[in-house]
Amino acid sequence: MNQDELKKAAALAALAEIEEGSIVGVGTGSTVNHFIDGLAGMRDRIRGAVSSSEASSRRLADHGIPLVTLDDIDHIPVYVDGADEIDHGFCMIKGGGGALTREKIVAAVARRFVCICDASKLVDTLGRFPLPVEVIPMARAQVMRELTAFGGTPKLREGFVTDNGNLIIDVHGLAIDDPKGLETRLNQIVGIVTNGLFAHRGADVLLLARADGVTRLA
Ligand code: ABF
């Protein structure tokens, strides 16, 4: 199986996590795209979806799945999303696709976060994947100076604007042995909207696809 086939296997396994008649939280990315395509096959058994990006919203709408906003509901039973890296404590780096802020918001409203990944995403220590942070444009230079003090190398994602009209800075070279601590400290930097560490609100369930099948870890 190639990596995309593994992503699809993890994504389709997540359909079993969905509660009948519920609103489904939907993440972003190539793994989630497989989930959305699968969700289309059971769209008559859900009330609708809350989406974490314009791209996912378009794909959901193309499948005729009703979109709901967070103004309409007070909780979501299950949020399904991918990750760029996930550790054994289910802390994640997310935001490679640039949708981290809306992903973190939808995840915060969810009772259960189901992470769908191919096995390459499971790591002992987060940080080989550059950590994305979403930044208010006028704060770019100041935030880059602050991030350098954390020991990483911040690089602006050239030519990229988020769905919220902001910039992404990717921080390379961090070895993240205290994901919750780093998430907290990054939250203190003025000008950062969201950082891509999902540690305080990590995943509850990991559906991990390997060549021999999908393992459910919880
Ligand atoms: C989203 O999609 C992001 O948080 C993460 O950056 C990315 C995972 O990418 P993919 O599913 O395309 O490998 O979950």
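A few words now on the overall build of the protein chain. Helix and strand content of the protein chain: six helices and 13 strands. Taken over the C-alpha trace, the protein chain has a radius of gyration of 17 Å; the compact-globule value for 218 residues is 17 Å, and the two agree within 12%. Structurally, the protein chain occupies a C-alpha span of about 50 × 40 × 30 Å along its principal axes. Put simply, the protein chain has 218 residues, and 53% of those count as buried. A sequence separation of at least 24 residues applies to 72% of the contacts in the protein chain between residues at least 6 apart.

What follows concerns the packing of aromatic side chains. Counting across every chain of the model gives one aromatic pair. Here the aromatic rings of Tyr79 and Phe113 are separated by 5.1 Å at their centres, their planes lie at 90°, and the arrangement is edge-to-face. Here the residue Tyr79 occupies a position in strand 3 (residues 76–81), and Phe113 occupies one in strand 6 (residues 110–118), the gap between them amounting to 34 residues. Of the two residues examined, Tyr79 and Phe113, each falls in the buried class. Lying across the ring of Phe198, Lys94 places its NZ or CZ 5.3 Å from the centre.

Take the side chain of Glu134 next. Mapped onto the secondary structure, Glu134 falls in strand 7 (residues 131–135). One buried charged residue, Glu134, remains without a salt bridge, the closest side chain of opposite sign being Arg102 at 7.3 Å. A distance of 3.1 Å separates a polar atom in the side chain of Glu134 from a polar atom in the side chain of Asn164. Filtering out sequence-adjacent residues up to four positions away, Glu134 remains in contact with Leu100, Thr101, Thr162, Asn164, Asn166, Leu167, Ile168, Gly191, Ile192, Val193 and Thr194.

Of all the six residues making up strand 9 (residues 167–172), five are buried; the element is thus mostly covered by neighbouring parts of the structure. In this structure, strand 7 lies alongside strand 9, joined through five bridges in antiparallel fashion. Pairing of Glu134 across the sheet is with Ile168, part of strand 9. Both strand 8 (residues 153–156) and strand 9 contribute to a ladder of four bridges, which runs antiparallel. Looking at the pairing, Pro154 lines up with Val171 of strand 9.

This next bit is on the environment of Ile169. As for its position among the elements, Ile169 is in strand 9. The spacing of Ile169 and Asp118 is 51 residues in sequence and 25 Å in space, taken between C-alpha atoms. Setting aside anything within four residues of it in sequence, one finds Ile169 in contact with Leu131, Pro132, Val133, Val135, Arg140, Val143, Met144, Leu147, Pro154, Lys155 and Leu156.

In this section: the site of the ligand. Close to the ligand lie 15 residues, the nearest being Thr28, Ser30, Thr31, Asp84 and Gly96. At 2.7 Å from an oxygen atom of the ligand is found a side-chain nitrogen or oxygen belonging to Asp81. When grouped by side-chain class, the residues that make up the shell around the ligand number one nonpolar, eight polar and six charged.

Looking now at the environment of Arg45. Position of Arg45 among the secondary structure elements: in the loop between helix 2 (30–40) and strand 2 (48–51). Each C-alpha atom, one on Arg45 and one on Asn187, is 38 Å from the other, the two residues being 142 residues apart in sequence. Every residue in contact with Arg45, bar those within four places of it in the chain, is listed here: Glu20, Gly21 and Ser22.

Spatially, 4-5-11 is the arrangement adopted by the three strands of the open sheet, whose pairing is antiparallel. Two strands bound the open sheet, and with one partner strand each, they are strand 4 (85–86) and strand 11 (197–198). Inspection of the sheet shows strand 4 paired to strand 5 (residues 92–93) by two bridges, in the antiparallel sense. Pairing of Glu85 across the sheet is with Ile93, part of strand 5.

Our next topic: the packing of helix 1 (residues 3–13) against helix 2. As a packed pair, helix 1 and helix 2 sit with axes 8 Å apart at the nearest point and diverge in direction by 50°. The orientation of helix 1 relative to helix 2 falls into the category oblique. Classified by chirality, the crossing of helix 2 by helix 1 is right-handed. On helix 2, the residues that touch Asp4, Lys7, Lys8, Ala11 and Leu12 of helix 1 are Ser30, Thr31, His34, Phe35 and Gly38. For the contact of helix 1 with helix 2, a count of residues per class yields three nonpolar, four polar and three charged.

Conventions adopted
- Residues numbered from 1 in each chain as written.
- Predicted model: local features only at pLDDT ≥ 70, side-chain atom pairs only at ≥ 80, totals over all residues.
- Heavy atoms only, no water.
- Helix = DSSP H or I, 4+ residues; strand = E, 2+ residues; numbered from the N terminus.
- Rg over C-alpha atoms; globule rule 2.2 N^0.38 Å.
- Buried < 20%, exposed > 50% of the residue type's maximum accessible area, 1.4 Å probe, protein only.
- Contact = heavy atoms within 4.5 Å.
- Phe/Tyr/Trp six-rings, centres within 6.5 Å; stacked < 30°, edge-to-face > 60°.
- Lys NZ or Arg CZ within 6 Å of the ring centre and 35° of its normal.
- Lys, Arg positive; Asp, Glu negative; His and termini not counted.
- Salt bridge = Lys/Arg side-chain N within 4 Å of Asp/Glu carboxyl O.
- Polar contact = N/O pair within 3.5 Å; in protein donor to acceptor, adjacent residues only side chain to side chain.
- Pairing = 2+ DSSP bridges.
- Near = heavy atom within 4 Å.
- Nonpolar A, V, L, I, M, F, W, Y, C, P; charged D, E, K, R; others polar.
- Axes fitted to C-alpha atoms, helices over the stretch in contact; angles between N-to-C directions.
- Parallel < 35°, antiparallel > 145°, perpendicular 65-115°, else oblique.
- Left-handed = near helix turned anticlockwise from the far one by under 90°.

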